[in-house]
Amino acid sequence: MSASAASTKSDLFTYTLRQADNSMVLCQRLCEWAARAPELEEDIALTNIGLDLIGQARSLYQYSASLCDPKVSEDDLAFMRDAHQWTNLLLVEQPNGDFADTIARQYFYDAWHLPFLEQLTRSHDTTLAAIAAKSVKEAKYHLRHSSMWIKRLGDGTEYSHQRMQDAIATVWPFTKEMFVADELDLRMLEAGIGVDLDVLKRAWESQVVALLISATLTKPIDSEAITGGRQGQHTEYLHDLLAEMQVLPRSMPNRQW
Amino acid sequence: MNSKENRTTLSAEELKFEELLASGRKIEPRDWMPDDYRRTLIRQIGQHAHSEIIGMQPEGNWITRAPSLKRKAILMSKVQDEAGHGLYLYSAAETLGADRTDMLEKLNNGKMKYSSIFNYPTPCWADMGAIGWLVDGAAICNQVPLCRTSYGPYARAMVRVCKEESFHQRQGYEIMLTLCKGSSEQKKMAQDALNRWWWPAIMMFGPRDDQSPNSELSLKWKIKLFSNDVLRQKFVDIAVPQANILGLTVPDTDLSWNEDTGHYSYGEPDWEEFFEVIRGNGPCNKERVSNRREAHENGQWVRDAAMAYAAKRAKISLSQAA
Ligand SMILES: [Fe+2]
Ligand SMILES: [Fe+2]
Ligand SMILES: [Fe+2]
């Protein structure tokens, strides 16, 4: 293998891993809601979204694993890496908080994830394009679900309005990171494999502004972007999340489950 | 004519109900039914629905800690199924005039019960195996006959539920198989889980027939088709060979194959414990109900918001139509 082919392979590995990590961490957060949702229908809906996300994570981890030398499995990638090796966005690792916090986090992510996937369906990498094509349908449902709740809570009672407004303000600083392209993003865009985050940013902003207005909510004032997730610099929340998620395979490694 | 004379005390409605029952056709919501039949069904279906909902907790606890991605996905969809079962069953109870909100209220304040099996703790991953294998397995033995129960909406709900329960049973048994084929430590986890879940599963079928006051009427009304002991025997006969395949020991010293009956003979469970758990003194009763209540109370403002939003929308579309 030539040096450039090897670097392309490792780029593709990392690029795929980032997406897998996003889906995995957000799924793990939604799992924390099991049997705790505001109503039964919502328990089912949050689990549906979680199931879609774990399905996406598995496809992406399996693809990442196939690009790995020496060989690893999807479970090695999910259960055997430490926090500093995780490449997800900081947004998705933020704690569930109350239902409004969960919905705010979910909506801002969904509004980014759907156009991200739509672009990715045109990737020159056919595996990523195929995974994206399958995930687009799911992400449409996720966005519909979270948008609906933004409206219900924003334009529901005075109390829910306030909680929704607070929730938006809490996660807002973490939304910036979704649009910060690093060198890998630029190389993947150049190669026709990755997504153009500038295009995404415009689509996201117009969608978010429109929805917040219709939900009688105010767009928070922009602050400094908090970044670092994709470089492995995470908030303390990810450490706790992984400690719980990885406890069994870490305490008894090399076992079948 | 003869039969009419014999039943002079029965009204025309009662006669029709008895005839429907005798013919094996289903009683439907629009049909007349005795008050006690309705009350018994509301109690049974309501308890059953509550069991599905409370039953989400012992396994829901492990979703975040499932040891592989495949197991996590399976456990998520299993717990989701249980929520769905709760929904079908609340709907079935609503066809009898019960109200879901009211039933949930009664669950939260302890006025309605749920299956005692969910008052046992799940300290270990192997419990996910034992629950699927034994608890869902016992539920199947109980519920397959309910697909033919006399009340139509309940029977139809059970048909949907039973399809999913057999997947639950299989995934649980598969967890046990994998553990039993694994390290000695894993096999020990599996044996320990079997030790803790065997007797509670045996007691899921309810008291012995000679101690079960409600059963007789339920059998007459074809709500129940088999007695507690018949169903329990069926479960034991299925589960013991499965334990043998796993290479695990069923924690019952009286267990033996009986050539004469063609069934396993088994020992007497600790009924004192059973009634203690029913009385609310099981290891997890308080935790299960208080988690449920907490989820309900924490969700109140969300449900209120959804109602307020829907009311606003309705008002807008009304004024647009005007
Ligand atoms: Fe589903
Ligand atoms: Fe169920
Ligand atoms: Fe089940």
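The structure this text deals with has already been given above.
Residues numbered from 1 in each chain as written. Chains lettered and ligands numbered in written order. Predicted model: local features only at pLDDT ≥ 70, side-chain atom pairs only at ≥ 80, totals over all residues. Heavy atoms only, no water.

Draft legend 1. Up close: the overall build of chain B. Secondary structure summary: chain B contains 14 helices and two strands in total. Across the 322 residues of chain B, 55% fall into the buried class. Sequence separation of at least 24 residues holds for 77% of the intrachain contacts in chain B that already meet a minimum separation of 6. As displayed, chain B has an accessible area near 15,000 Å², and 53% of this comes from carbon and sulfur atoms. Charged side chains in chain B number 42 positive and 42 negative. The centres of these two groups are separated by 7 Å. (Helix = DSSP H or I, 4+ residues; strand = E, 2+ residues; numbered from the N terminus. Buried < 20%, exposed > 50% of the residue type's maximum accessible area, 1.4 Å probe, protein only. Contact = heavy atoms within 4.5 Å. Areas by Shrake-Rupley, 256 points an atom, 1.4 Å probe, with all protein chains shown as cover. Lys, Arg positive; Asp, Glu negative; His and termini not counted. Charge placed at Lys NZ, Arg CZ, Asp CG, Glu CD.)

Draft legend 2. Looking closely at the nonpolar core. The biggest cluster of nonpolar side chains holds 175 residues, and the ones touching the most others in it are A:Tyr61, A:Trp112, A:Met164, B:Trp125, B:Trp198 and B:Phe235. The dominant element in this core, judged by the number of residues it contributes, is helix α5 (residues 99-120) of chain A, at 13 residues. (Core = buried A, V, L, I, M, F, W, Y, C linked by side-chain atoms within 4.5 Å.)

Draft legend 3. How the structure looks around the interface of chain B and chain A. Contacts between chain B and chain A engage 44 residues on the former and 49 residues on the latter. Note on chain B versus chain A: buried area summed over both sides is about 4,000 Å², and carbon and sulfur give 70% of it. Contact with chain A buries area across many residues of chain B, yet B:Leu69, B:Trp301 and B:Tyr309 alone supply 20% of it, more than any other trio. Summed over the shared surface of chain B and chain A, the result is three salt bridges. The salt bridge involving B:Arg100 is made with A:Glu41; its shortest N-O contact spans 2.8 Å. Where chain B meets chain A, there are 13 residue pairs in polar contact (both at pLDDT 80 or more). Breaking the side of chain B that touches chain A down by element, the ones donating at least two residues are α4 (56-63), α5 (69-94), α8 (152-180), α9 (184-203), α13 (285-298) and α14 (300-321) of chain B. Taken together, the residues that form the side of chain B that touches chain A break down as 22 nonpolar, eleven polar and eleven charged. (Buried area = accessible area lost by both parts, 1.4 Å probe. Salt bridge = Lys/Arg side-chain N within 4 Å of Asp/Glu carboxyl O. Polar contact = N/O pair within 3.5 Å; in protein donor to acceptor, adjacent residues only side chain to side chain. Nonpolar A, V, L, I, M, F, W, Y, C, P; charged D, E, K, R; others polar.)

Draft legend 4. Just the environment of B:Phe167, in detail. Residue and element names in this part refer to chain B. Positionally, Phe-167 belongs in helix α8. A sequence separation of 31 residues divides Phe-167 from Asp-136, and the C-alpha atoms of the two residues are 9.2 Å apart. Every residue in contact with Phe-167, bar those within four places of it in the chain, is listed here: Ile-74, Ser-77 and Asp-81.

Draft legend 5. Local environment of the packing of aromatic side chains. Counted under the stated rule, the structure contains 21 aromatic pairs over all chains. With centroids separated by 5.1 Å and ring planes inclined at 80°, the aromatic side chains of B:Phe274 and B:Phe275 adopt a geometry described as edge-to-face. Residue class for B:Phe274 comes out buried when judged on its relative accessible area of 9%. Through a chain of ring-to-ring contacts, the aromatic side chains of A:Tyr107, A:Phe108, A:Trp172, A:Phe179 and A:Trp204 assemble into a single cluster. Here A:Arg81 stacks its cationic end above the ring of A:Trp86, 4.3 Å away from the centre of that ring. We note A:Arg152 situated over the ring of A:Trp149; from NZ or CZ to the ring centre the distance is 4.6 Å. (Phe/Tyr/Trp six-rings, centres within 6.5 Å; stacked < 30°, edge-to-face > 60°. Lys NZ or Arg CZ within 6 Å of the ring centre and 35° of its normal.)

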